[in-house]
Every structure is written in structure tokens, then in C-alpha cells.
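So the chains spell out like this:
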Amino acid sequence: MAQDTTVPELNFEYWLAKAIEWGQATTLESQKDVCLHLPQLQEFLHQIYETLKHMDSVVAIQHFPLIGQLLGRLCWNPFVIGYDESQKTLMRCLCCLYSSEPQNPVELKANSWIRSLLCHLLSSSKWESNEAETSTFISTLGYTSADCYCHLVKNTVFSLVTELRENQFNGLNIQGRVSASRVNAVSLFCLPLITLPDLTPLLEALLLYHGGASKEILSSEFLEAVNEAFLKKKISLPESAIFSLWLRHLPSLEKATLYLLDQLVSIQWHSLEEVSCVIKDSLLPQAASHPAIFRIVNEIFKNALLETDGTPEVMTIIQVFTQLFLQAHQNENKQHKFPMKAYFPYHHQPLVTALLRRPLELPTTHWSQHVKHISDMLKALVEDTNISSLADLFEIWFLVARFGEWLDIAAEQLLKAAVEPDALLWLLAFYYCPQNENQQRTQTMVEAQAVYNHLMKIFSCTALSAKDVEAAVHCVADTQQCGNQHLTTHLLTNFLLFSPGGLMMAKEFIYHITETTDTSKEICSLLIRTAYRINHNGKENQRTVKLLNKLLQKLTSKD
């Protein structure tokens, strides 16, 4: 039986007869015959692959009708798949037979069969279940079946990665290119194995592979599965691979952004450092250095803000994201860095430039002047030009709102610095009441001015009485317009934190305000932002820092 080893080229009938004769090589005689023919069989399989890789799957099956039977039997022979490059070549042949766009039930069934064969080839459990049958062959080599599985997977992945990377730089050598359908098939075969650590290099190579095709060549199921595994931290991939995933598959980017929002809204934060850590870990701020990703994430944030009616948590998330995005952009290699106009192309560029300045880049003595400059430009845009629609007004408001640190500084500077208050009050009034229909913003300004004047009269008093503060507290409780209440709350909270006398009764009045008005989340968010800024500037009274920590501890424990 083992004497005739001369094999005609691509003689499927001969090798199919041999495969049937060998079965799963359970007898000593069949094992000897398999071993005798393995070098020639491997050469035959290599010839098949070199022929198949330039064929469409349908054409391949028409030319070689016996190929399915042959490959199917060989995949279950442990001596064949354990020999040198045979296992990898079998996988490559199966990939060539996979229909990336099946047209009928027969092709769908064939795809399912091929996937099951690939899972078998890469599954350690299959090797374990065949331990008794393969032990004679494997143990003589000094390996266990687990060792063999590990090497097979790593070698197969290495081979596919090498092939993809070489093809990526193949230029105009069309004959040597891997077909788009084959790359698509490989991506589908990865589906049941995505969380396998040994497969990570192949996932990376696929995500970074483009191959010059005009449309997406990786299967959407593969892209969705990789994104899902990344979000749930089941796999770890280089940043470049994740960025490429989001650039080539919009649904994955949308899902990642919404997943981040859900994750942050569903937990109770105690500091902006916690929020910053979660956002940075998502890789979205780093990915947003690409303008296309930035614009998509920006739209999702805007929709989330509108759907939640501008809740403080969502607004704070957007503001922290913006800070982290700017840090990531600053750290970008200068050669690959996009200008800021690429991210804010339709906005008034001098206003964008002013908002982009980080407070730490300026001396604190210049903060009030910088905020006034922002307010003057904004007012000129809003009041001195024709805003054609509410959508235009919202775009301007959202630009200012995402740089919320300057708004918080404006509220602080009103109390702590010698400033002309009108410009800073107008800026805050615009933020809390962007529309001026029926003179709403004008009315907000009038009420805010009255509260501000009252607070400034008592700001320097070191021995405040409760009655001195109660008038401002009643303004918060009695205000009907939402924007007025938010602005008054902001001013009063800052007064209690930063005035010499307010500090003594801050806890009592802040607790009172949160319990008698619907401002608990708003005040908590403001305190968290203030604590973050103080911790990073390090120039505030330590009593204020301790007070903030106590307030946050109590307010967050109530939720």
C-alpha cells in the first residue's frame, strides 16, 4: 500500500482515495502510509492553494468538484494537520472556498461547513478530545496536544499576518494581491475566535489592512464583534487598530461613544479625576484627533445633550472629553497634527482660539480680561449679526458650553476679582438662557444683576448673619424661569465657597438649597468641577478644599 508515491499534479481522485483509505489514521498501517506521503501531500495542497487564491469560490468548486470532500477528510486527520505547514495550507484553501456574498442556500450551507472546519482546526478542545488517537504521533515528538495546538495557532496567525502585510505594500502587482473576498472570508473565520489571545496579531493586521478596494472588505460582523470585545475589555489591541476600526465602521464608533456615555451616567462620581480616567480609557479622545471621528462624536454628544435636556452630568462629560481631546491633540506628532479649524470649521475662529486657551496657560490675574474678551466676541456674534435659525444659535452655544471651565472661572471672577461685571454676567446669562425670545435673556440679566449686587455688598463681611444670605437663597427658591434659577444658584454657591463669611455657613445653606429646590445634581456637578480646578491650581484656601470634600461626600452619598 505504501509503495506507489508518484502523484500526478492536482490529481484530486488519487488524494481523495488516499484520504478515504487513511480515515483518521487509527491503525498502525494507515499511520505509516500517511507519514510516507506527507511531504508530497503538503506540496499538493500548496499547489491547490496557489491555484485557488486567484479564483472565485464558485469557479473553484466548478473546476474542482471533489475539493470539498478532500479537504474535509484531511482536516480530521491528526497526522496531516500536525505536519509542518499542512494545517496552515488547509486553512488557506478553505478561506478561498468561502463565499463572501452567498447567493443561495447551497453556498450558505457551504460557508457554515467551512466555518466549522476552521473552528475545529483552531480549537484546543478538539485536540483534547482526540488525545488518545493523536498521542502516539505527538508524544513521540515530546509534545502534548496543547503544545501542538499552541504552535499551530501561532504559526497560522503568523503566516496570515505576513501575507496581509506583504500584500499591503505590493503596489501595482495585482497578480500577487490577496483578493478582497479572501480577506473578507478570513475576517469571518475570526468571529468565533476573536477573544483568543493568539489571534490578536491577525485582528490588528486585518483592521489595518485596506488593499486598495473601493468599499469595505472586512465583514461588518467581524468589525462589530471586535468592537464589542474591545468595549467589554475582552481583548487588547493597539490604539492604531482601534482607530482604524472606528474610521472604517461608523456603527462601531457610535456604539463606543454611546457605551461611554451610558457607563458614566450610570455611576456616581466623586471627582472629575474618575470621569477623566474612564473617558481616557475609552480611547475616544485620542481617536478624536482624526477630524472625521471628532465630528461624529461631537454630533452624538449634541444629540445626547438635547435628549437629556442638558443634564449637568452629560454637560460635564462633554467638557472633560474636550479637555482630554485637546491634550491628545497637543501630544500629536507635529507632522500628523491637523489644524484646529479642521475640528471647528464653521465657527468664528477668533472665538475658537480664545476658548482653546487653557486657564493654566495664563496668569490668574489675566483670567478676568480673557473671559471678558470671550464675552465681547460672543455678544457681537449673537446680538450684532443675524442668527438665521435656532440651530445656528445652538451651535454657538454648544461651542461655548463644551469649554465650560471658562464659564466657571467667569462666575468666580465676578466675586474674587475687581472686574466690570456686565460682560461676565452676560456670558453666564447667555449660557443659562441662550434664547432671548420674549426678552428672556434680558430678564435673566436683570435678576442676576440684582443677586450679584446683593452678594457683593456682603462679600467682604467676616461675620455674616443668616439673614444676609437668606435673601439670595430666596431668589433661588422663588425664581420661576429655569435659566434664572441656574445662574442664581451658580453665583450663590460660589459666594458661599469663596467669601470669608460665606465659608462659615456654606454647608447649612448648600444643603438647604439642594433639599428645597431641584438643583442637587447641578450643585454637585459644580462642586466637583470646582474641586478639580482647585486641586490642579493649588492656590486656594485649604479650608475651602476641606469644605468641598465634606459637601461632596454628603451630597454624593444621598444619591
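Reading the values: the criteria
- Residues numbered from 1 in each chain as written.
- Predicted model: local features only at pLDDT ≥ 70, side-chain atom pairs only at ≥ 80, totals over all residues.
- Heavy atoms only, no water.
- Helix = DSSP H or I, 4+ residues; strand = E, 2+ residues; numbered from the N terminus.
- Buried < 20%, exposed > 50% of the residue type's maximum accessible area, 1.4 Å probe, protein only.
- Contact = heavy atoms within 4.5 Å.
- Areas by Shrake-Rupley, 256 points an atom, 1.4 Å probe, with all protein chains shown as cover.
- Core = buried A, V, L, I, M, F, W, Y, C linked by side-chain atoms within 4.5 Å.
- 1 Å grid on protein atoms, 1.4 Å probe; cavity = no way out; pocket = protein on both sides within 12 Å on 5 of 7 lines; lining within 4 Å.
- Points joined across faces, edges and corners; volume = space filled by probe spheres on them.
- Nonpolar A, V, L, I, M, F, W, Y, C, P; charged D, E, K, R; others polar.
- Salt bridge = Lys/Arg side-chain N within 4 Å of Asp/Glu carboxyl O.
- Axes fitted to C-alpha atoms, helices over the stretch in contact; angles between N-to-C directions.
- Parallel < 35°, antiparallel > 145°, perpendicular 65-115°, else oblique.
- Left-handed = near helix turned anticlockwise from the far one by under 90°.
- Expected span 1.5 Å × (residues − 1).
- Phe/Tyr/Trp six-rings, centres within 6.5 Å; stacked < 30°, edge-to-face > 60°.
- pLDDT = per-residue confidence, 0-100.
- Disulfide = S-S within 2.5 Å.
- Patch = residues over 30% accessible without salt bridge, like charges linked within 9 Å, V, L, I, M, F, W, Y side chains within 5 Å.
- Lys, Arg positive; Asp, Glu negative; His and termini not counted.
- Charge placed at Lys NZ, Arg CZ, Asp CG, Glu CD.

Focus: the overall build of the chain
Moving on, step 1. Per the secondary structure count, the chain includes 30 helices and zero strands.
Moving on, step 2. In the chain, buried positions account for 51% of the 559 residues.
Moving on, step 3. In the chain, the share of contacts with a sequence separation of at least 24, taken over all contacts with a separation of at least 6, comes to 71%.
Moving on, step 4. When the accessible surface of the chain is totalled, it reaches about 26300 Å², and 54% of it is carbon and sulfur.

Structural notes on the nonpolar core
Moving on, step 1. Counting 178 residues, the largest nonpolar core has Leu202, Phe222 and Trp246 as its most contacted members.
Moving on, step 2. Per-element accounting of this core gives the leading share, 10 residues, to helix 24 (residues 421–432).
Moving on, step 3. Apart from residues lying up to four places away in sequence, Phe222 is in contact with Ser187, Cys190, Leu191, Ile194, Leu203, Leu206 and Leu207.

Focus on the environment of Leu496
Moving on, step 1. Positionally, Leu496 belongs in helix 27 (residues 482–498).
Moving on, step 2. With 10 residues separating them along the chain, Leu496 and Ala506 place their C-alpha atoms 5.0 Å apart.
Moving on, step 3. If near-sequence neighbours (up to four positions away) are discounted, Leu496 is found in contact with Val469, Gly502, Leu503, Met505, Ala506, Phe509 and Ile510.

What about unusual backbone geometry?
Moving on, step 1. Here Lys233, not a glycine, exhibits a phi torsion of approximately 60 degrees, which is positive.
Moving on, step 2. With respect to the helices and strands, the residue Lys233 is situated in the loop between helix 13 (220–231) and helix 14 (239–248).
Moving on, step 3. On the accessibility criterion, Lys233 (57% relative accessible area) is exposed.
Moving on, step 4. Although it is not a glycine, Leu283 sits at a positive phi angle of roughly 70 degrees.

What about the layout of surface pockets?
Moving on, step 1. As a volume, the largest pocket reaches approximately 1200 Å³.
Moving on, step 2. Asp309, Gly310, Trp397, Tyr432 and His486 are, among the 41 residues lining the largest pocket, the residues nearest its centre.
Moving on, step 3. Of all the secondary structure elements, the ones that give two or more residues to the lining of the largest pocket are helix 18 (291–307), helix 19 (312–331), helix 22 (390–402), helix 23 (404–416), helix 24, helix 27 and helix 29 (520–537).
Moving on, step 4. Counting residues per element, the lining of the largest pocket draws most heavily on helix 29, at seven residues.
Moving on, step 5. Taken together, the residues of the lining of the largest pocket break down into 17 nonpolar, 16 polar and eight charged.

A few points about the pattern of salt bridges
Moving on, step 1. For the structure shown, the criterion picks out 14 salt bridges.
Moving on, step 2. Salt-bridge contacts for Glu395 lead to Lys302; the nearest nitrogen and oxygen are separated by 2.6 Å. Of this pair, Glu395 sits in helix 22 while Lys302 sits in helix 18, placing them 93 residues apart in sequence.
Moving on, step 3. With relative accessibility at 5%, the residue Lys302 sits in the buried group.
Moving on, step 4. Look at the salt bridges and you will find they share partners, linking Asp408, Glu412, Lys416, Arg529 and Arg533 into a network.

Observations concerning the packing of helix 20 (residues 349–356) against helix 21 (residues 367–383)
Moving on, step 1. Contact pair helix 20 / helix 21: the axes reach a minimum separation of 10 Å and the direction vectors enclose 155 degrees. In this view, helix 20 runs roughly antiparallel relative to helix 21, as classed from their interaxial angle. In this structure, the crossing between helix 20 and helix 21 has a hand that is left-handed. Where helix 20 abuts helix 21, its residues Pro350, Leu351, Ala354 and Leu355 lie against His370, His373, Ile374, Met377, Leu378 and Leu381.
Moving on, step 2. Tallied by class, the residues present in the contact of helix 20 with helix 21 amount to eight nonpolar, two polar and no charged.

So, helix 6 (residues 86–97)
Moving on, step 1. Counted at 1.5 Å a residue, the expected span for helix 6 with its 12 residues is 16 Å, and the 17 Å between its end C-alpha atoms agrees.
Moving on, step 2. The element helix 6 is largely enclosed, with a buried count of 12 among its 12 residues.
Moving on, step 3. Along helix 6, the residues classified as buried are Ser86, Gln87, Lys88, Thr89, Leu90, Met91, Arg92, Cys93, Leu94, Cys95, Cys96 and Leu97.

Some words on the side chain of Ser187
Moving on, step 1. Within the secondary structure layout, Ser187 lies in helix 11 (residues 180–189).
Moving on, step 2. For Ser187, a relative accessible area of 0% gives the class buried.
Moving on, step 3. Filtering out sequence-adjacent residues up to four positions away, Ser187 remains in contact with Leu206, Leu218, Ser219 and Phe222.

A short note on the packing of aromatic side chains
Moving on, step 1. Scanning the model with the defined rule gives 17 aromatic pairs in all.
Moving on, step 2. On the numbers, 5.4 Å between centres and 75 degrees between planes, the contact of Phe294 with Phe344 is edge-to-face. Remark: Phe344 occurs in the loop between helix 19 and helix 20 and Phe294 occurs in helix 18; sequence separation between them is 50 residues.
Moving on, step 3. Among the residues examined, Phe294 registers a relative accessible area of 2% and is labelled buried.
Moving on, step 4. Measuring from ring centre to ring centre gives 5.8 Å for Trp397 and Tyr431, while their planes differ by 10 degrees; the resulting arrangement is stacked. Of the two residues, Trp397 sits in helix 22 while Tyr431 sits in helix 24, which places them 34 residues apart along the sequence. Side by side, Trp397 and Tyr431 carry an identical accessibility label, which is buried.
Moving on, step 5. Here the aromatic residues Phe12, Tyr14, Trp15, Trp22, Phe44 and Phe64 are joined through ring pairs into a cluster of three or more.

Some words on the confidence of the model for the chain
Moving on, step 1. Looking at the chain as a whole, its pLDDT mean stands at 82, while 85% of the residues score no less than 70.
Moving on, step 2. Contacts from residues 1–8, a stretch scored under 50 in pLDDT, to residues over four places away or in other chains number 16 contacts.
Moving on, step 3. Low confidence marks residues 171–176, where pLDDT is under 50. Its contacts with residues over four positions away, or in another chain, come to four contacts.

What to know about the state of the cysteines
Moving on, step 1. Evaluation of the coordinates by the stated rule reveals zero disulfides.
Moving on, step 2. This cysteine, Cys75, is not joined by any disulfide, and Cys93 carries the nearest cysteine sulfur, 9.1 Å off.

What to know about the environment of Ala241
Moving on, step 1. Tracing the backbone shows Ala241 in helix 14.
Moving on, step 2. Judged by its relative accessible area of 0%, Ala241 is buried.
Moving on, step 3. Separated by 33 residues in sequence, Ala241 and Leu208 have C-alpha atoms that sit 6.0 Å apart.
Moving on, step 4. Not counting the four nearest positions on each side in its chain, Ala241 is found in contact with Glu204, Leu207 and Leu208.

A closer look at a positive patch on the surface
Moving on, step 1. Where like charges cluster on the molecular surface, the positive patch consists of Lys507, Lys546, Lys550 and Lys554.
Moving on, step 2. Tallying contributions element by element places helix 30 (residues 542–558) first for the positive patch, with three residues.
Moving on, step 3. One can find Lys550 in helix 30.
Moving on, step 4. Assessed through its relative accessible area of 49%, Lys550 is described here as partly exposed.

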